[in-house]
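# Breakdown of the fold
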Amino acid sequence: MQTSTVFLVLVALSFVGFLVGRKRSHAVAAGVGGMHLLHSLPKHYGYMAALWAGLPALLLLVLWMAFEARVVHNLVVAELPAQVQQLHHSELGLYYNQIVSYATGSSDATLLDENQLSAAEHYRELMSNSGLMKALLVCLVAIIGALLAVQRVSPALRARNHVENIFKWILFTCSFIAVLTTLGIVLSVLFEALRFFQSIPVTDFLFGLQWSPQMAIRIDQVAASGSFGFVPLLVGTLLISMVAMVIAVPVGLMSAIYLSEYASRQFRAVTKPLLEILAGVPTVVYGFFAALTVAPFIRELGESMGLTVASESALAAGLVMGIMIIPFVLSLSDDIINAVPDSMREASLGMGATMSETIRKVLLPAALPGIVGGILLAVSRAIGETMIVVMAAGLSAKLTANPLEAVTTITVQIVTLLVGDQEFDSPKTLAAFALGLVLFFVTLLLNIVALYVVRKYREQYE
Amino acid sequence: MNSIAVTADGIGEAGASSPEAGLDIHDHSDVKDYETVGEPFVEDPKMSARNVNVYYADKQAIMDVSLDIGKNEVIAMIGPSGCGKSTFLRTLNRMNDIIPICRVEGNINLEDQDIYRGDQDTVLLRARVGMVFQKPNPFPKSIYENVAYGPRIHGLAHSKAELDEIVEKSLRRASLFDEVKDALDKPGTGLSGGQQQRLCIARAIAVSPEVILMDEPCSALDPIATARIEELIDELKERYTIAIVTHSMQQAEVGDTKEVFTMPKHELTENYITGRFG
Ligand SMILES: Nc1ncnc2c1ncn2[C@@H]1O[C@H](COP(=O)(O)OP(=O)(O)OP(=O)(O)O)[C@@H](O)[C@H]1O
Ligand SMILES: [Mg+2]
């Protein structure tokens, strides 16, 4: 049976569990002399039965799906002739894949040998057995669960609290899954990065002033060329992000102040949705704008002033990135400033302060923790932004603090390292993971700094 | 010393839709069926309101109020919830300007200057007519910074020592100094409700206003804190002109309360007066 069908049956069984549980509570109530003598309402007994029916069975279904393919694989391979089983790991994988794709009907028999044909038959049989067993077991668990719950219905059973508890655990599980996935991502990046550091020393990576992974075509050349110094990338990233923030923070913050404190209702009603649309424009479009409009404009402007400007410059990318982030900063700050209670405004204005004094001395200090948080979120976005930089700032990893030159960033290099057909165990590709790890730590550091700033401020004022 | 208790019928049989709803104080000459106690007009008033109407969008909150506030007088206003007491108080220092839908008609003079004249500087006006709000609203700053806020923005102190002095004097006048003198750098929001309200009073008097408007300053306070603030108001009237909104009849009786305007059109109002007032 299809997994989706099993799932639908399970939902139906839960619903039946709900009805039976509720009915049972009515019956019990009638027995003892009225609904008010039961601890909980009928629906709570119903929910309890539904959850007892649904949750364990759902867990079983998920586990089954997780292990089904592996178990079937082992069973099929065990039946194959010995010399096939001796094959190299990847070859055996290919061999098995052919069997599966034939068995599921996505390829025909022309390329297969005798053994594979019979194995495919075996595979089909196993799969259909597994499907049947899965359906039966899941239904059985669901019914047993519902029965157990219904059995327990009695005046003293605190079904309401019980359901509350189960919900708490469901919520906990969800957040746990979120944390676990994050941890998984970090660990997988960490392990790949460690493999990279086996061929390139950490110090070379962290303190090297030159980045040219393109030279590392053959593995034996890599260590010799020693071109995995990530400092130019970090400097490039910080340079572009800084340009972006110099644009985005003042403009965003001040327009937020204007919108929340001075603008008329009509102006606000028109402007806010417009800005939100701006925030939704794909970054590739901004990249276009940067490469075709802003970068040439900056170069001409610079040359007319007698400066040498690269046709792809950090300034162009940073500028456009800043424009991209403005709506983000604006919308966050606007929400935060609006959240400062009106009584603060009245207190200050009632003292004879002007609007701008009120903003500087009361509203901004009160909103500062939120604003700092918003700005750091914006910085994270700037650091993580890739598309605009690829298009407008170039790929050359030059170590420079001059925003008129072409630079490159960590994210851009990750992309260029991994684009195209690459071996996944050469230092060149593994370097991407090391960069990812560094990126992770940079953002982590930013968040820690943000937390520190916010807490320090809070201590002062609350 | 004069103290006027104003009660008004703001609810009305027809509910809020009635055009009669709103603080409605008339010169008793044109409303014969109102029992009017007290005299709404005084010689040489500090502030005077003439035929004031206030609207929120097209809903009228105050109808044709004419009233004087004498120098160094405490004028107390009482009346049912929603009748427009806060609204009237806010018109006196143009705090209603903040509310876009609010519209004020009529004349309000501070001494002999129309505060709704086009070129009136609201910032200056609010420095002269200070306000203490219904709910204590100290800034999330230290106690010292709260009181120093007004003097700082108006440049009243020329040195740190001078500022310290203003802060101490204001806190003393608000009879809060002894409780907080060792904790001036602690946040003002950490004080108790009654202390916060006294802090707000200290903050208001730190800029030496001529008139102080107080909107139910004791509504959230226990009887002891209320008593302290009442004492305080009694002392403050030596120096300032005070307009206060209150729900407490005792507060309305601060000084000699001879002057009570009533419009016993509504039971509640009548009870307000005949129950405990003479
Ligand atoms: N910002 C506002 N927007 C619209 N209507 C308002 C606003 N403020 C007050 N009103 C209306 O004006 C009328 C008077 O309100 P006001 O706050 O002055 O009453 P109040 O006498 O102070 O009442 P309370 O004793 O409950 O404080 C009420 O009907 C109220 O609904
Ligand atoms: Mg009020």
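Definitions and limits used
Residues numbered from 1 in each chain as written. Chains lettered and ligands numbered in written order. Predicted model: local features only at pLDDT ≥ 70, side-chain atom pairs only at ≥ 80, totals over all residues. Heavy atoms only, no water. Helix = DSSP H or I, 4+ residues; strand = E, 2+ residues; numbered from the N terminus. Buried < 20%, exposed > 50% of the residue type's maximum accessible area, 1.4 Å probe, protein only. Contact = heavy atoms within 4.5 Å. Areas by Shrake-Rupley, 256 points an atom, 1.4 Å probe, with all protein chains shown as cover. Polar contact = N/O pair within 3.5 Å; in protein donor to acceptor, adjacent residues only side chain to side chain. Near = heavy atom within 4 Å. Pairing = 2+ DSSP bridges. Domains from an automatic or database assignment. Buried area = accessible area lost by both parts, 1.4 Å probe. Salt bridge = Lys/Arg side-chain N within 4 Å of Asp/Glu carboxyl O. pLDDT = per-residue confidence, 0-100.

## Focus on the overall build of chain B
A count of helical and extended segments in chain B gives nine helices and 10 strands. When each of the 278 residues of chain B is scored for burial, the buried share is 55%. By sequence separation, contacts in chain B at least 24 residues apart represent 72% of the contacts at least 6 residues apart. Carbon and sulfur atoms form 48% of the exposed surface of chain B, whose accessible area is close to 11800 Å².

## Comments concerning the environment of B:N53
Residue and element names in this part refer to chain B. Position of N53 relative to the elements: it lies in strand 2 (residues 47–56). C-alpha separation for the pair N53 and A76, spaced 23 residues apart in sequence, amounts to 20 Å. Dropping the residues within four chain positions of it, N53 is found in contact with Q60, I62, M63, D64, R103, V104 and E105. A polar atom in the side chain of N53 sits 2.8 Å from the backbone nitrogen of D64.

## Quick look at the site of ligand 1
Residues and elements named next belong to chain B. In the region of ligand 1, 15 residues are neighbours, and K59, S81, K85, S86 and T87 sit closest. Within the backbone of G84, a nitrogen or oxygen atom sits 2.9 Å from an oxygen atom of ligand 1. At a separation of 2.5 Å, an oxygen atom of ligand 1 approaches a polar side-chain atom of S86. Across the complex, the protein chains shield 67% of the 630 Å² of accessible surface that ligand 1 would expose by itself. Those elements giving two or more residues to the shell around ligand 1 turn out to be strand 3 (59–69) and helix 1 (85–92).

## As for the sheet that holds strand 5 (residues 102–110) of chain B
All names here are of chain B. Ordered by their spatial adjacency, four strands build an open sheet running 3-2-5-6, and the pairing between neighbours is antiparallel. With one partner strand each, in any of the chains shown, strand 3 and strand 6 (113–114) form the two edges of the open sheet. When strand 2 meets strand 5, the two strands line up antiparallel, connected through eight bridges. What sits directly across from A49, in strand 5, is I108.

## Description of the domain arrangement of chain A
Residues and elements named next belong to chain A. Annotation of chain A at the domain level lists domain 1 (3–157), domain 2 (159–199) and domain 3 (225–457). Facing the nine residues of domain 2 at the interface are 11 residues of domain 3. Surface buried jointly by domain 2 and domain 3 totals about 870 Å² across both partners, of which 85% is contributed by carbon and sulfur atoms. Three residues, V189, E192 and F196, lead the burial of domain 2 against domain 3; their summed loss comes to 52% of the area buried on that side. On inspection of domain 2 and its partner domain 3, the count reaches zero salt bridges.

## Concerning unusual backbone geometry
Residues and elements named next belong to chain B. Its identity is not glycine, yet N51 carries a phi of approximately 50°, on the positive side. For N51, a relative accessible area of 42% corresponds to the partly exposed category. Positive phi is not limited to glycine here, since A57 has a value of about 50°.

## Side note on the side chain of B:T241
Residue and element names in this part refer to chain B. Note that T241 resides in strand 9 (residues 241–245). Given a relative accessible area of 2%, T241 falls into the buried group. From its side chain, T241 meets the backbone nitrogen of N72 in a polar contact 3.0 Å long. Setting aside its immediate chain neighbours within four residues, T241 contacts K46, I69, G70, K71, N72, E73, E210, V211 and I212.

## Things to note about the confidence of the model for chain B
Reading predicted coordinates in detail is not appropriate for stretches of low pLDDT. Residues and elements named next belong to chain B. Taken over all residues, the pLDDT of chain B has a mean of 76, while the share at 70 or more is 74%. Across chain B, the secondary-structure element scoring lowest on mean pLDDT is helix 9 (residues 267–276), at 36, and the one scoring highest is helix 3 (residues 143–153), at 94. Every residue in residues 1–37 is under pLDDT 50, and counting partners more than four places away or in other chains gives 113 contacts. Across the assembled chains, the prediction reports ipTM 0.79 with pTM 0.74.

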